[in-house]
Amino acid sequence: MRERFRVVGGANLVGEVAVVGAKNSALKLMAVALLAVGRTTLTNVPAIADVTIMAELLRRLGVGVDYDAAAGTVILDVPERIGHRADYELVRALRASISVLGPLVARVGEADVAVPGGDAIGSRGLDLHAAGLEALGAEVHVTHGYLVATAPNGLHGAEIRLDFPSVGATENILTASVLARGTTTIDNVAKEPEIVDIAEMLGSMGAKVEGAGTSRITVSGVDSLSPCEHSVVPDRIAAGTWAFAAATTRGDIEIVGGVADHLRAPLGALERAGCHVETTDRGFRVSAKGRTVRAFDVATLPYPGFPTDLQPFALTCNAVAEGSAMITENLFEARFRTVQELARLGADAQVDGHHVMIHGVPILSGAPVESSDIRSGAALVLAGLVAEGDTLVSGVHHIDRGYPRFEEALRSLGADVTREPDDAPFE
């Protein structure tokens, strides 16, 4: 059954909200577990739909998966013999499923992974993944919608330089190289905290990885890895979402478990906009209560730049800020779909290529809108909170993929948000 959120405008979000493990790390760490025979336990795992999808994908590879959403744990029992084909029906629903590519090639010498689907935010080429695996000695080609990689004689170390610091390519090359013969250096890699999280888990499994979090990673291959227990790094995108929620609604929120150092660019933008940002002994706090929030420019860049996943929230915040701002999207060409939905709510924004010029208005006006991806959906809910009347946000299944019990967290901060069938009348 399709569902939507009914959002009543006029909320100032105040209070505290907790963030747990990062979606963009937990899913990849589940794939990393394929590298070691035995039982691996992940803790601080978010209770989101994507974890359920990844769990099913791994089960079909022969892995025993026990996912306790309430406890935030995933226990993975990896047998000696595992499958190598990641089915299209699951992969198309989850981009992160491509992260099984590197571990499968490393463990079993072959992988058939359907070309991923997921959010409608633009193309995500797999050329960097393929080139990296080929440098390690694999043969890679695409056939019938599957990326097929084979390495019957194993992988060997190599010197690799990425044309772009792709997170996904960094992950797959890193996880493939830990069992390769010799030393691998990967230059111009992604520096995200989630990459560091993967490297730390690999280290706990016995891998020799240096340089994660910098532009160069060096891997000394080992013969085998052992299972481990690992806690997922806190979700910086969820933490950033709540930071923008405070700014957009002129509220005051303490983000418990959030790591301010992982969000220097977005929190810096909010400070320039006039918000008060401070670290606390439990996380960090963002307050815009009683303050004038000024428009601020944003240009998305790879980490540590402004995250593309927080760009929709910058749009929403600027829609009701004082003044005008330019939002530039440098990573994904289709990520401005949020703009046309914000326009339905009365936002004054114009798209020009990969730029949006947005002029703040005093208040938005409630209307039915449709989310096209996880972050767009959550941003539209925040827009509804600063709109006059009711806003109906369809496509709740997108939001559920990234935010555990999103409406409950909003209500705890003072919002009036309810989940309802999507065929109910708009009144």
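None of the values given here were measured: they were computed from a predicted structure.

Conventions and cut-offs
Residues numbered from 1 in each chain as written. Predicted model: local features only at pLDDT ≥ 70, side-chain atom pairs only at ≥ 80, totals over all residues. Heavy atoms only, no water. Helix = DSSP H or I, 4+ residues; strand = E, 2+ residues; numbered from the N terminus. Rg over C-alpha atoms; globule rule 2.2 N^0.38 Å. Buried < 20%, exposed > 50% of the residue type's maximum accessible area, 1.4 Å probe, protein only. Contact = heavy atoms within 4.5 Å. Areas by Shrake-Rupley, 256 points an atom, 1.4 Å probe, with all protein chains shown as cover. Lys, Arg positive; Asp, Glu negative; His and termini not counted. Charge placed at Lys NZ, Arg CZ, Asp CG, Glu CD. Pairing = 2+ DSSP bridges. Axes fitted to C-alpha atoms, helices over the stretch in contact; angles between N-to-C directions. Salt bridge = Lys/Arg side-chain N within 4 Å of Asp/Glu carboxyl O. Core = buried A, V, L, I, M, F, W, Y, C linked by side-chain atoms within 4.5 Å. Polar contact = N/O pair within 3.5 Å; in protein donor to acceptor, adjacent residues only side chain to side chain. Phe/Tyr/Trp six-rings, centres within 6.5 Å; stacked < 30°, edge-to-face > 60°. Parallel < 35°, antiparallel > 145°, perpendicular 65-115°, else oblique. Left-handed = near helix turned anticlockwise from the far one by under 90°. Nonpolar A, V, L, I, M, F, W, Y, C, P; charged D, E, K, R; others polar.

## Re the overall build of the protein chain
For the protein chain, the count of helices and strands is 14 helices and 26 strands. For a compact globule of 427 residues, the expected C-alpha radius of gyration is about 22 Å, and the protein chain comes in at 22 Å, within 12% of that figure. Expressed as lengths along the three principal axes of its C-alpha atoms, the size of the protein chain is roughly 65 × 45 × 40 Å. Burial status across the protein chain gives 58% buried among its 427 residues. Nonlocal contacts in the protein chain, meaning residues at least 24 apart in sequence, comprise 74% of its contacts between residues at least 6 apart. Accessible surface computed for the protein chain: about 16,000 Å², of which carbon and sulfur atoms make up 47%. Taken as two groups, the 36 positive and 54 negative side-chain charges of the protein chain have centres that lie 1 Å from each other.

## Points about the sheet that holds strand β14 (residues 229–231)
Taken together, the four strands give an open sheet; going across it, the order is β4-β5-β3-β14, and neighbouring strands pair in mixed fashion. The sheet is open, and its two borders are formed by β4 (64–68) and β14, each paired with just one other strand. Across the sheet, the axes of successive neighbouring strands diverge by a mean angle of 15°, strand direction being ignored. As paired strands, β4 and strand β5 (residues 73–78) are joined by five bridges and run antiparallel to one another.

## A word on the pattern of salt bridges
In this structure the tally under the stated criterion is 25 salt bridges. Note that Arg282 and Glu16 form a salt bridge whose closest N and O atoms lie 2.7 Å from each other. Residue Arg282 is located in the loop between β16 (276–279) and β17 (283–287), and its partner Glu16 is located in strand β2 (residues 14–18); the two are separated by 266 residues in the primary sequence. Sharing partners across several salt bridges, the network here consists of Arg2, Arg4, Arg6, Glu370, Asp390, Glu420 and Asp422.

## Regarding the environment of His84
Assignment of secondary structure puts His84 in the loop between β5 and β6 (85–86). A sequence separation of 85 residues divides His84 from Ala169, and the C-alpha atoms of the two residues are 19 Å apart.

## Looking at the side chain of Gln311
Summarising the element assignment, Gln311 is placed in helix α10 (residues 311–319). Residue Gln311 is classed as buried on the basis of its relative accessible area of 0%. Those residues within four positions of Gln311 in sequence are excluded, and the remaining contacts are Thr300, Phe306, Ile327, Glu329, Arg335 and Phe336.

## Regarding the nonpolar core
Within the largest apolar cluster, 79 residues are counted, with the highest numbers of intra-cluster contacts made by Leu58, Val100, Leu202 and Leu225. Discounting chain neighbours no more than four positions away, the residues touching Leu202 are Val32, Leu35, Leu174, Val178, Ala207, Val209 and Leu225.

## Considering the side chain of Ser394
With respect to the secondary-structure elements, Ser394 resides in strand β25 (residues 390–394). Using a relative accessible area of 10% as the deciding quantity, one classes Ser394 as buried. Side-chain polar atoms of Ser394 contact the side chain of Asp422, separated by 3.0 Å. Apart from the residues lying within four places of it in its own chain, the contact partners of Ser394 are Arg2, Glu3, Arg4, Val369, Glu370, Ser371 and Asp422.

## Considering the packing of aromatic side chains
Counted according to the given criterion, the structure contains four aromatic pairs. Measuring from centroid to centroid gives 5.5 Å for Trp242 and Phe406, while their planes differ by 45°, and the two rings are tilted. Of this pair, Trp242 sits in helix α8 (residues 236–248) while Phe406 sits in helix α14 (residues 406–412), placing them 164 residues apart in sequence. Here a set of aromatic residues connected by ring pairs shows up, and it is made of Trp242, Tyr403 and Phe406.

## Quick look at helix α9 (residues 264–272)
Listed as buried for α9 are Pro266, Leu267, Gly268, Ala269 and Leu270. Remark: Gly274 follows α9 within two positions and exhibits a positive phi of approximately 110°.

## Focus: the sheet that holds strand β20 (residues 348–352)
Backbone-to-backbone hydrogen bonds pair the strands of a sheet. The strands run either parallel or antiparallel. Across the sheet, which stays open at both edges, the four strands sit in the order β18-β19-β21-β20 with mixed pairing between neighbours. Each edge of the sheet is formed by a strand with only one pairing partner; in this case those strands are β18 (298–299) and β20. Pairing between strand β19 (residues 324–328) and strand β21 (residues 355–359): five bridges, direction antiparallel. Within β21, the position partnered with Met326 by the bridge is Met357. Its contacts with the sheet put α10 on β18, β19 and β21, and the angle it makes with β21 is roughly 25°.

## Notes on the packing of helix α4 (residues 101–108) against helix α6 (residues 167–177)
At a closest axis distance of 7 Å, the pairing of α4 and α6 adopts a crossing angle of 15°. Considering the angle they form, α4 stands roughly parallel to α6. The two elements α4 and α6 cross, and the hand of that crossing is right-handed. Here Leu101, Gly102, Pro103 and Ala106 of α4 come into contact with α6, specifically with Asn172, Thr175 and Ala176. Residues belonging to the contact of α4 with α6 are distributed by class as follows: four nonpolar, three polar and no charged.

## Regarding the packing of α10 against helix α11 (residues 337–344)
It is the contact of α10 with α11, at a shortest axis distance of 10 Å, that shows an interaxial angle of 25°. The angle between α10 and α11 falls in the class roughly parallel. The hand of the α10/α11 crossing is right-handed. Residues Pro312, Leu315 and Thr316 of α10 pack against Thr338, Val339 and Leu342 of α11. Considered class by class, the residues forming the contact of α10 with α11 number four nonpolar, two polar and no charged.

Interpretation in functional terms is not warranted from these geometric data alone.
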